[in-house]
Amino acid sequence: FLMTNPLIDAAKRIYDSGLVVLPALRKEKRPVGAWKKWTKERPDFDAVFGSRTKFDAICVLCGEISGGLEIIDFDQNAVAFDAYVERLKKTAPELTRVFERKTPVIESTQRGGKHLAFRSGACGKNQKLASDANGGVLIETRGEGGICLIAPTDGYVLEQGDWANVPTITPEERDAMFEVAREFDLLHAPSYVQTPPSRVQNSATPSRSAPIAGTPGVQVSAADFLRRDLSPLRDSLRRAGWSYLRTEGDFEQWERPNQPVRGKSGGSLNVKDRYFYCFTSNGAPFEPNKCYSPLDAIALRDFGGNVSEASKAFAPKRSTSKRIRSVEIYNDDQRFPDSGRSCDGDAPLPLAAVKENGSADVRAASPAGRVSQRDSDVAFPKELLDCDGLIGKLADVANQFAIRPQPEGAFLAGLSCASYLAGRSFALNYAGTLVTPNLYALFLAPSGMGKEVLRRVCSSVAFTYKPDEPVPESFASVQALQNMTSRVRKLFWLHDEFGRDLATMAGRQPNVNVSGVITESLKLYSNANNRNYLPKLVASEAKGTKRPDPVDRPSLTIFATGNPTEFYEATTEAVLRNGYVSRFTIVYGRIYSEKRKTTFDDAKNAEPMSLPPALQKDVLSWRDYEATACDPAILTFDKDAFECVSAYDEETEKQIRLDVFNSDGVTEMKARLFEKAWKYALLFKLSERGPRPNLVVDRKAAELAILLVDYEARQFAKNAKKFAASDVSALANEILEFVRANGGSASLSQITRKFQRHDKRRRDEALATLVDADYVDVADGKGKRIFVLTEENS
């Protein structure tokens, strides 16, 4: 903290005007030390601003002690401030003189908000004046007993007036200002919903429609379809750069594009009443403080406001097939089937998935077989995007040079680099077990959405660390992996074919070499602290003609990238259970990453991506440390860190006990969270302080680690059903092709033998899917169950 003269001089001047001013901590937004007593008695300035007081901000106490000081606080980037001032002028002309003659204090805050300060003889307690549609604060006051950080604190800019000359207004003027502010309340004022959603077809919408499956004569319009299935609206928002944050009751909170304050909502999707509400002024083409039906929102976003064209695009087409009768589009017993579900709740399947010729792809037609191609709906912890030290510096490099920045992927790349650098040099002692920093990381994002620069950053770190050692991108065989492990002991594998590995593990693309590499990487993960790790014996070693050399503490760090859709399609329940996927730190990127704008000069003259010299020096400091350390430095942790991780682990164990009989792989993943938490805590501490042997993992590192493992757990649990669903749908397609190749029919015993690698439950689900969707019929043949292709599919 810096005790700067400008802050003290400003504080003294404001104090002398009659306000109570206190030293404060800007990041924590509170006064230094105990301060409640100063709400009743005026402090001595020299005592509170003593030479030993450490502070980096100043704040004022509101209320009677400061002459009736009251502050109206405009939150959410002051989205309502300009409209509030304009409405004051229109609805309360008598208040114009308050702004023109009395000049109340107006300042902008470090978070983009606004303060409007005045004195009055009617100062009340802190109160909320207006909320957004989801209950978030738009306008509130700081009154009796309240505090506010003020200019000239860093981040606070005085725009009007003077804190040493705050004007006094009448109680009537104060009441009028508050009444106008309350008019902006959207939570309790439905009259401000300008275009409320309708559960009947809009008369302006074309009447093109199709019947609901299983309900002859009942028509469904494009507007009805989009209200019942919110997936197209969510996808439209994501393409525009909006990001899902969280679900609160009936509302999904969404972050607007290019939001400078991560995690702040700019709009909400009401999953009960089926409308999107925009309350940010930076959400164009949406207007602030306005509601949109799904059809209106999509028309505005993707069709230039043309509702007719949007209706044509989303009006379901009637299938010509009479055989595919079991694939229901909507459950008409419930007008809005997925009301109240989370953002990724299973929505009813549109009949448009059925092909024009009457046949359908099983993956598209089967409710169990749909594969989501959307990005993650589990909000990534914003605290992790602002990591200190090495991780944050590397993430900044990736974001700076990326044409399409992926901040979540940049964080994971930085974390993986820290894992590589710390490998073999550090470990954490927990109850006699050494937790090593070796990390397997997987970043998922669509092709062309900014993954390449992440691999380049990792490659640059590895090259700086060992310029004479190539960075592997694949291994042709397990022997190649073992040979490189024996030679360098510490590897950084930049893996861009993760989907191939999963397909091999699922048995869909058999490859002995790939299977061997996967098995060996599993062994290396758990042998990072083995002083005598022995690779698989080759023939010459087995015959005794060559002596096998053990490897001292092999360290393998993997940074893999992949496409979310391929990941879902390739991941099976068996893969989830074998521990390979559960070992990975999986982070989901943005399905659409907006391209970074650049000027002609920058595009022409910018230097190619490289690590800054200071960052290269940091990387080399890790190499120098490893060269001088014979044994790994064993770090410890303090009690706060222990209690933090233990509290989370206790809750996880409760879930494991409840889920132990599940077979979806979630339990296996949760069982590894405890070890991962300590790995991450170790890496966060090393990233912050560098290669120092006497570090102690503290609560800050532990809390960051818990944020990451909790994100993984929620993301993994949310997607486990997708993995299982994709497994069923893929198996159904395989069985269908097998039956076709077998002359159009196959017995249950033939199918069982052919697909014995899949468990019975999966086979039964796949066969039931084929029968329900009328791809095959069941016949009895001399005591055997025969599956025969239907006429349309033969």
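In the block above lies the structure referred to throughout.
Attention in this report is confined to the structure presented alongside it.

If charged atoms from side chains of opposite charge come close, those side chains can pair. What the rule picks out here adds up to 25 salt bridges. For the salt bridge of aspartate 302 with arginine 301, the shortest nitrogen-to-oxygen distance reads 3.5 Å. Take aspartate 302: its relative accessible area is 29%, and that puts it in the partly exposed class. Put simply, arginine 424 and glutamate 626 hold a salt bridge, and the shortest N to O gap is 3.0 Å. Of this pair, arginine 424 sits in the loop between helix 12 (407–422) and strand 18 (426–430) while glutamate 626 sits in helix 22 (residues 613–628), placing them 202 residues apart in sequence. Each member of the pair, arginine 424 together with glutamate 626, is buried. The network of salt bridges with shared partners includes Glu70, Arg174 and Asp175.

To continue, consider the nonpolar core. Nonpolar side chains in soluble globular proteins generally cluster together in the buried interior. In terms of nonpolar packing, the biggest core is built from 99 residues, with Phe411, Leu415, Phe559, Phe584 and Phe684 touching the most fellow members. Other than its neighbours up to four places away in sequence, phenylalanine 684 contacts Leu384, Cys387, Ile391, Phe411, Leu415, Ala701, Leu704 and Ala705. Counting 35 residues, the second largest nonpolar core, distinct from the first, contains Ala24, Leu149, Tyr156 and Trp163.

Take the sheet that holds strand 1 (residues 20–25) next. Taken in spatial order, the four strands line up as 2-1-3-9 in an open sheet, and their pairing is antiparallel. Because the sheet does not close on itself, it has two edges, and the strands there are strand 2 (30–31) and strand 9 (147–150). Relative to strand 3 (residues 57–61), strand 1 runs antiparallel, the two being bridged by five bridges. Note that in strand 3 the partner of valine 20 across the bridge is leucine 61.

The step from alanine 151 to proline 152 runs through a cis peptide bond, and the omega angle for that step is 10°. Examined against the element boundaries, proline 152 turns out to sit in the loop between strand 9 and strand 10 (157–160). The residue after alanine 284, namely proline 285, is reached through a cis peptide bond having omega 10°. Here proline 285 is to be found in the loop between strand 16 (275–278) and strand 17 (290–292). Here the phi dihedral of glutamine 76 falls at roughly 55°; this positive angle occurs in a residue that is not glycine. Locating glutamine 76 in the fold gives a position in the loop between strand 4 (69–74) and helix 3 (81–91). Even without a glycine there, the phi angle at alanine 431 is positive, about 50°. Along the chain, alanine 431 falls in the loop between strand 18 and strand 19 (433–435).

What follows concerns the environment of lysine 718. Along the chain, lysine 718 falls in helix 26 (residues 699–741). Residue classification places lysine 718 among the buried positions, given a relative accessible area of 17%. Residues lysine 718 and valine 378, spaced 340 residues apart in sequence, show a C-alpha to C-alpha distance of 8.4 Å.

Below, the discussion takes up empty space enclosed by the protein. Going through the model one piece at a time under the given rule, you end up with four cavities of 30 Å³ or more. One number sums up the size of the second largest cavity: a volume of about 70 Å³. Every residue lining the second largest cavity is listed: Tyr420, Ala462, Lys466, Glu469, Pro470, Val471, Pro472, Met484, Val488, Lys490, Leu491 and Phe492. Among the secondary structure elements, those contributing two or more residues to the lining of the second largest cavity are helix 14 (478–488) and strand 21 (490–495). When residues in the lining of the second largest cavity are grouped by element, the largest group, three residues, is from strand 21.

Moving on, we come to the state of the cysteines. Inspection of every chain in the model, using the stated rule, returns zero disulfides. With no disulfide of its own, cysteine 62 lies 5.4 Å from the sulfur of cysteine 148, the closest cysteine sulfur. Residue classification places cysteine 62 among the buried residues on the basis of a relative accessible area of 2%.

The subject of this paragraph is the sheet that holds strand 6 (residues 114–119). Strand order in the open sheet made by the six strands is 7-8-4-6-5-10, with antiparallel pairing throughout. Looking at the sheet topology across the chains shown, the edges are occupied by strand 7 (128–131) and strand 10. The sheet shows a mean angle of 20° between the axes of neighbouring strands, taken without regard to direction. Sheet topology note: the strand 4/strand 6 ladder contains six bridges and is antiparallel. Bridge assignment links isoleucine 72 to a residue of strand 6, and that residue is leucine 116.

The rules we used
- Residues numbered from 1 in each chain as written.
- Predicted model: local features only at pLDDT ≥ 70, side-chain atom pairs only at ≥ 80, totals over all residues.
- Heavy atoms only, no water.
- Salt bridge = Lys/Arg side-chain N within 4 Å of Asp/Glu carboxyl O.
- Buried < 20%, exposed > 50% of the residue type's maximum accessible area, 1.4 Å probe, protein only.
- Helix = DSSP H or I, 4+ residues; strand = E, 2+ residues; numbered from the N terminus.
- Core = buried A, V, L, I, M, F, W, Y, C linked by side-chain atoms within 4.5 Å.
- Contact = heavy atoms within 4.5 Å.
- Pairing = 2+ DSSP bridges.
- 1 Å grid on protein atoms, 1.4 Å probe; cavity = no way out; pocket = protein on both sides within 12 Å on 5 of 7 lines; lining within 4 Å.
- Points joined across faces, edges and corners; volume = space filled by probe spheres on them.
- Disulfide = S-S within 2.5 Å.
- Axes fitted to C-alpha atoms, helices over the stretch in contact; angles between N-to-C directions.

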